[in-house]
Amino acid sequence: MVKRQWQPSRRRLLGSAAAVVAGTVSGAWLSRASADPTAPFFPSRAHDQPTIPGISVFSYKSPNLTKFVDPLTILPRRRLGGDIVAGLHQHRFHRDLPEVASWGFDGVTHLGPILEVRRGEIISTRFVNDLRSHVLAADVDTTLHGALEIDRTEPPLAVHLHGAPNRPEFDGYPTSVVRPGQSVEMTFGNDLDATTLWYHDHSMGTSRLSIYSGLAAPYFVRDDWDTGEADNPLGLPSGTREIPLMLCDKLFYDDGRLRYDNTPTVQQGHWAGGLCGDVMVVNGKAWPYLDIDRGVYRFRLISSSQLNDYRLALSNGEPFWVIGSDGGLLDAPVMVGELDIAPAERYDILIDFSRAEPGTAIDLVNTMQISIAGQANGAMAIRDVMRFVVGESQAPVRTVPHTLRRSATAVPGTPQSVRTATLSVNANTENPTFLGVLGMSLNNMRFDQSDFDMPVQGTTEQWDFVNADATFQVHSMHVHLVQFKVLGRQDFDKVRYLAENPPPLLGTRWTPSADEYTTNSPEPPAPYESGWKDTVRCPPNQITRILVRWPTADELGFDPDAEFTGPDGAAAQGYVWHCHLTDHEDNEMMQRLRVVSAEGAAPSSVTHGAGGHHH
């Protein structure tokens, strides 16, 4: 095959950025979707996990549960301000299961209320840790970086508003935690377009357990375009027909308790690589149903999965429309037949039930295969997600708008440099316990090392996420503080790349460019990825490229590089970027990040021009 190398020239980058944000169906898209530009888009299956045989006894199973017998929980809404308590509750996940221990915010027994704000609002809110003992105390792995024995009896809390331009002291830095009986005042950054964010725990070494236990909930930013009112200028569904759906595959003990110990091949209390559940939980209920009227509904999708990504579709084969992503509304709705969503991504969708007959049951289904490692261990993909049951009444919104706001077309600018970021699995000689010997890493570095990235305020960079993971795992990369644009993806010869650039032992920076190893032409992002993003899906054996502009202190209204003292009294500085597969994030797949002023910039560790090997 003839190799076509990515050349990050000014002309090529501007053209790529323009293609990303053009909002039209390009020729490249047509080749991936259909010759008919009015046909629904279907994501590529080229990098899906292959189906392999597994050993069933190597994976624990949940009790058999009847699907679609519990109504979907409609999360309450509230404004910021006052106290929000993260507390221990009793929650029932299914009609046939008893109430069991769970965590939630503000009295919600699992998850939390939808926090709603207007763009630019500055409101201080106190978060109180009343978690008491850990719901999953036996699953705390103290061999992971940052996880401590005290976490079992005095669980930590670090609240992160995901996707917002937060001051560093209010960003939920993973080591800046409060313990039960303590609280912290938080003032989130709300100066961004109307969008779907989410707030969740971000504690070091235990995020996977706390989010799984319920410490995660939606956060809606409103503005003059997307007001949330029935008379909103875009004609979008509102009120009871605008519903967040928080998706997470889970595992349960026979007595109904949440289970994170998922395989007998790894002793409980030790990192097991990742949990593939066998029950789909939406808004805290297993396989729920929702009674709906005949008309258009707006669903805010949030994946809080710890490992699996999902490919969502409707069981009747009808298309639906994506109107927004992580950072706000798209220019125009994108009609899709399927939608890929990775952990921590959000997509805003419209489903039109106008033509469905009363009494019709339409299921939201998942057609994505789980990871090879999960299959080998006997886990299986979950097809059914939830059910919509159509009633006789008509909803007030009966049409899908042709256009939305036009803010998604802004381009961050021409990149002055290219930064390679490697995603890999390494031998971790410092943790030889079970699968703990497999360290997940970014740039082959540990979290606490000093050789981390320091982009300069006011500059624009291209980041190349090189998925060199030998396990063929999809990763979900999240960068704090900023929203970015997805430029596209490109296949590369991973075997040759690793053979000619063998990774050193974990702890030595390793960021060789993969440009010399590409095997096809660059692929544009999916049309629903054309808007602003803070989390991006990175398939195996591909380079995923993003364009990010690092804001200045004047633009933000605060210094993003200011040192601060955390609620625990420890000094800290900067932000983080990490894989949002929380099983990976908790095992070293997270790096520090400082956005420095030009005067305080360190020597560059990025490549200028056409790329090459980086230090």
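Basis of the calculations
Residues numbered from 1 in each chain as written. Predicted model: local features only at pLDDT ≥ 70, side-chain atom pairs only at ≥ 80, totals over all residues. Heavy atoms only, no water. Phe/Tyr/Trp six-rings, centres within 6.5 Å; stacked < 30°, edge-to-face > 60°. Helix = DSSP H or I, 4+ residues; strand = E, 2+ residues; numbered from the N terminus. Buried < 20%, exposed > 50% of the residue type's maximum accessible area, 1.4 Å probe, protein only. pLDDT = per-residue confidence, 0-100. Contact = heavy atoms within 4.5 Å. Salt bridge = Lys/Arg side-chain N within 4 Å of Asp/Glu carboxyl O. Pairing = 2+ DSSP bridges. Axes fitted to C-alpha atoms, helices over the stretch in contact; angles between N-to-C directions. Polar contact = N/O pair within 3.5 Å; in protein donor to acceptor, adjacent residues only side chain to side chain. Core = buried A, V, L, I, M, F, W, Y, C linked by side-chain atoms within 4.5 Å.

(A) Examining the packing of aromatic side chains more closely. Evaluation of the coordinates by the stated rule reveals 20 aromatic pairs. Residues Phe105 and Phe127 carry aromatic rings whose centres are separated by 6.3 Å and whose planes lie at 85° to one another, so their mutual orientation is edge-to-face. Highlighted residues: Phe105 in strand β3 (residues 100–105) and Phe127 in strand β5 (residues 124–130), separated in sequence by 22 residues. Owing to a relative accessible area of 0%, Phe127 belongs among the buried residues under this scheme. Ring-pair connections join several aromatic residues into one group, and the members of that group are Phe105, Phe127, Phe188, Tyr199 and Tyr219.

(B) Examining the confidence of the model for the protein chain more closely. Scored by pLDDT, the protein chain comes out at a mean of 90, with 89% of its residues at no less than 70. Every residue in residues 604–615 is under pLDDT 50, and counting partners more than four places away or in other chains gives 33 contacts.

(C) A look at the pattern of salt bridges. In total, this model carries 52 salt bridges according to the counting rule given. Note that Glu116 is salt-bridged to Arg222, the shortest N-O span being 2.9 Å. Here Arg222 lies in strand β9 (residues 216–222) and Glu116 lies in strand β4 (residues 114–118), a separation of 106 residues in the sequence. In this structure Arg222 comes out as buried when scored by relative accessible area, which is 3%. One salt bridge connects Arg222 with Asp226, and the closest N-O pair in it is separated by 3.4 Å. A relative accessible area of 1% means that Asp226 is categorised as buried.

(D) The arrangement of the sheet that holds strand β30 (residues 542–549) in detail. An order of β24-β23-β25-β30-β27 is seen for the five strands of this open sheet, with the pairing classed as mixed. Each end of this open sheet is capped by a strand with a single partner; those strands are β24 (438–442) and β27 (485–491). Across the sheet, the axes of successive neighbouring strands diverge by a mean angle of 20°, strand direction being ignored. Inspection of the sheet shows strand β23 (residues 417–427) paired to β24 by five bridges, in the antiparallel sense. Bridge pairing in β24 links Val425 to Met440.

(E) Expanded view of the environment of Pro264. As for its position among the elements, Pro264 is in the loop between β11 (258–259) and β12 (279–282). Judged by its relative accessible area of 42%, Pro264 falls in the partly exposed class. Taking the C-alpha atoms as reference points, Pro264 and Tyr60, separated by 204 residues in sequence, lie 7.4 Å from one another. In contact with Pro264, other than residues within four places in its own chain, are Val57, Phe58, Ser59 and Tyr60.

(F) The arrangement of the sheet that holds strand β26 (residues 475–479) in detail. What the four strands build is an open sheet, ordered β29-β26-β33-β34; its pairing is antiparallel. Edge positions in the sheet fall to β29 (535–538) and β34 (590–593), since each has one partner strand and no second. Each strand axis lies, on average, 20° off the axis of its neighbour in the sheet, ignoring direction.

(G) The arrangement of unusual backbone geometry in detail. One non-glycine residue, Asp106, adopts positive backbone phi at about 60°. Mapped onto the elements of the fold, Asp106 is located in the loop between β3 and β4. Here Asp106 falls in the partly exposed class, since its relative accessible area comes to 31%. We note that Leu481 has phi near 80°; this positive angle belongs to a residue other than glycine. Within the secondary structure, Leu481 is located in the loop between β26 and β27.

(H) Representation of the environment of Asp568 within the structure. The topology assignment puts Asp568 in the loop between β31 (563–565) and β32 (571–573). We classify Asp568 as partly exposed; its relative accessible area is 39%. The sequence separation of Asp568 and Arg179 amounts to 389 residues, and the corresponding C-alpha distance is 8.7 Å. Among all residues touching Asp568, those that are not within four sequence positions of it are Thr175, Ser176 and Val177. Of the polar contacts made by the side chain of Asp568, one reaches the backbone nitrogen of Ala570; its length is 3.2 Å.

(I) Local environment of the side chain of Asn366. Within the element layout of this structure, Asn366 appears in strand β21 (residues 361–366). We classify Asn366 as buried; its relative accessible area is 6%. Engagement of the side chain of Asn366 in a polar contact is seen with the backbone nitrogen of Met368, the distance being 3.1 Å. Sequence-distant contacts of Asn366, defined by excluding residues within four places in its chain, comprise Tyr310, Arg311, Leu312, Ile382, Arg383 and Val385.

(J) Region of interest: the nonpolar core. Of all hydrophobic cores here, the largest spans 82 residues; its most connected members are Tyr219, Phe299 and Phe388. In this structure Tyr219 touches Leu80, Leu115, Val117, Leu161, Phe188, Asn190, Thr195, Thr196, Leu197, Trp198 and Tyr199, once residues within four positions along its chain are discounted. If you look at the next biggest cluster of nonpolar residues, it comprises 32 residues, including Trp271, Val479, Leu481 and Leu593.

(K) Just the pairing of strand β15 (residues 296–303), in detail. Most of β15 is tucked away, with eight of its eight residues classed as buried. Here β15 shows no split at all, with Val296, Arg298, Arg300 and Ile302 on one side and Tyr297, Phe299, Leu301 and Ser303 on the other all buried. Here strand β10 (residues 242–252) pairs with β15 via six bridges, running parallel. Across the sheet, residue Met246 finds its bridge partner in β15, namely Ile302. In terms of strand pairing, β15 meets strand β20 (residues 346–352) through seven bridges, oriented antiparallel. Bridging across to β20, Ile302 finds its partner in Arg346.

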